[in-house]
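# Residue-level structure breakdown
So you can see what is in the structure, the chains are spelled out below.
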Amino acid sequence: MAKKYYICDIIGDGQDVPPTPTTGPFRPVIADLGVSWVGSIPSDPVTGHPLHTWTLVLVNTDNHAKVIDAKGVDALPDFPLDGKVNAINNVTKSRMNEALVRRGINTDFVSGSDGYRDVIRGIGQKLEAAFDENNFDVA
Amino acid sequence: MAQFASDSFTGTTGDTLQVYSANWSRHPSYSNNVLIANNRCQLDPVGAASSAYCHSATPATADYSVSIDIYVASYTATNNLVGVVGRASTSVNTFYHARHSIGAGWQMYRFVSGAATQLGSAVAATLTPGNTYNLKLDMSGSAIKLYVDSVATIEATDTGITSAGKAGIRAFNNAYGTAINAEQLHIDNFSADEAGGGGGGAAIPVFVNHYRNQGIM
């Protein structure tokens, strides 16, 4: 089993019904792939609908290929959290930035980050200000 | 540590929960009843329905656990589910919800105004008729966990509901069976406990997907 961060779309319509690609509880796309994951979907306190169209997830599986191939899912660099951002392959870094931009996320924080941990924290904090990568784990 | 609500549902089969005990109120978002059945309780099995009830006891803080025993009378109707709710609003359809659903396994959700959001991986599992399983929803700050027989099976971090609210139960089924029946999933031994309490499982090391790893699913 190996852990890997992803950004993925949120699917569902909030109904408590057996999920289809468009109905069922709000959930990240990877929730339907049969893998272990952790992620947070902040919602509007009145309507219960997600505040964002995407979320950050950490997936633990021995088959990341099927996650990577899933529609609406973008793999983040498979890189140590304590590694330096400037050590990430430029092509990989560009793909990450493209995935962020595609979801309307300003990437200024990426270029201003020293370590990859800062990038993951920065993405998480776009969802919830209290996001802490140290408490974001899946067994 | 202290238990602040409990119920063994020892009563007259066929009585609604609100007739059986003034401690129970049907949530205003639901119109179907839960019935006493063989000294346990179950959703009124006539017709497709869902229901939720809140216990009258008020937790001292938002950090507490809610547990039930699930008795498996039979295990055939897909989507028949039973579970517990915590931090439940008594006016709108808002709560944390841990449950077992036939066909889908163990699941944990956040409901806000009726909109459901999945919390963490669902864990597929098939229960054995005649057996009893303890289900516990544990809420401590933003740490929301589902325990099965004292094993942490799903965990999530969520800040969507912070008020203490109430503890309770929730159930759903497709149409099946007779009104006084011995079918599907029944609820027994409700317990609500302040943080760190018992009620069906102490806080032990987390083994998420224990059942998957054990080959049970």
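Residues numbered from 1 in each chain as written. Chains lettered and ligands numbered in written order. Predicted model: local features only at pLDDT ≥ 70, side-chain atom pairs only at ≥ 80, totals over all residues. Heavy atoms only, no water.

### Concerning the environment of B:G105
All names here are of chain B. Let me state the cut-off plainly: Elements are defined by DSSP. Helices are runs of H or I of four residues or more, strands are runs of E of two residues or more, and each kind is numbered from the N terminus. Partly exposed describes any residue whose relative accessible area lies between the buried limit of under 20% and the exposed limit of over 50%, with all areas from a 1.4 Å probe on protein chains only and scaled to the type maximum. We call two residues in contact whenever any of their non-hydrogen atoms come within 4.5 Å of each other.
Considering the arrangement of structural elements, one finds G105 in strand β9 (residues 105-112). Classification of G105 by relative accessible area gives buried; the value is 0%. For G105 and A124, which are 19 residues apart along the polypeptide, the C-alpha to C-alpha distance reads 4.2 Å. Those residues in contact with G105, other than ones at most four positions away along the chain, are R99, H100, V123, A124 and A125.

### Describing the domain arrangement of chain A
It is common to give the size of an interface as the accessible area lost on bringing the parts into contact. Residues and elements named next belong to chain A. Inclusion rule: Domain start and stop positions are those given by an automatic or database domain assignment. By definition, the buried area sums, over both parts, the 1.4 Å-probe accessible area that each loses when the two are put together.
We note that the domain assignment places domain 1 (1-75) and domain 2 (78-132) within chain A. Contacts between the two partners involve 14 residues from domain 1, matched on the other side by 14 residues from domain 2. Of the roughly 1,200 Å² buried where domain 1 meets domain 2, counting both sides, 65% is carbon and sulfur surface. Sorting the residues of domain 1 by area buried against domain 2 places Y5, W54 and L56 first, and these three jointly supply 44% of that buried surface.

### Observations regarding the nonpolar core
Spelled out, the test is: In plain words, nonpolar cores are sets of buried Ala, Val, Leu, Ile, Met, Phe, Trp, Tyr and Cys residues tied together by side-chain atoms within 4.5 Å.
Formed by 47 residues in total, the largest nonpolar core has its most connected members in B:L17, B:W106, B:I169 and B:F190. Of the residues forming this core, the biggest block, five residues, is contributed by strand β6 (residues 64-72) of chain B. Not counting residues within four places of it along the chain, the set of residues in contact with B:W106 comprises B:I70, B:R99, B:H100, B:A122, B:V123, B:A125, B:L127, B:Y133, B:L135, B:L146, B:V148 and B:I154. Membership of the second largest hydrophobic core comes to 22 residues, among which are A:L56, A:L58, A:Y116 and A:I123.

### With respect to the side chain of B:N33
All names here are of chain B. What counts is decided by this rule: Counting of polar contacts relies on pairs of N or O atoms within 3.5 Å, with two restrictions inside protein: one atom must be capable of donating a hydrogen and the other of accepting it, and residues adjacent in sequence are counted only when both atoms are side-chain atoms.
Along the chain, N33 falls in the loop between β2 (24-26) and β3 (34-37). At a separation of 3.3 Å, a polar atom in the side chain of N33 contacts the side chain of Y53. If near-sequence neighbours (up to four positions away) are discounted, N33 is found in contact with T16, Q18, R26, L43, D44, S51 and Y53.

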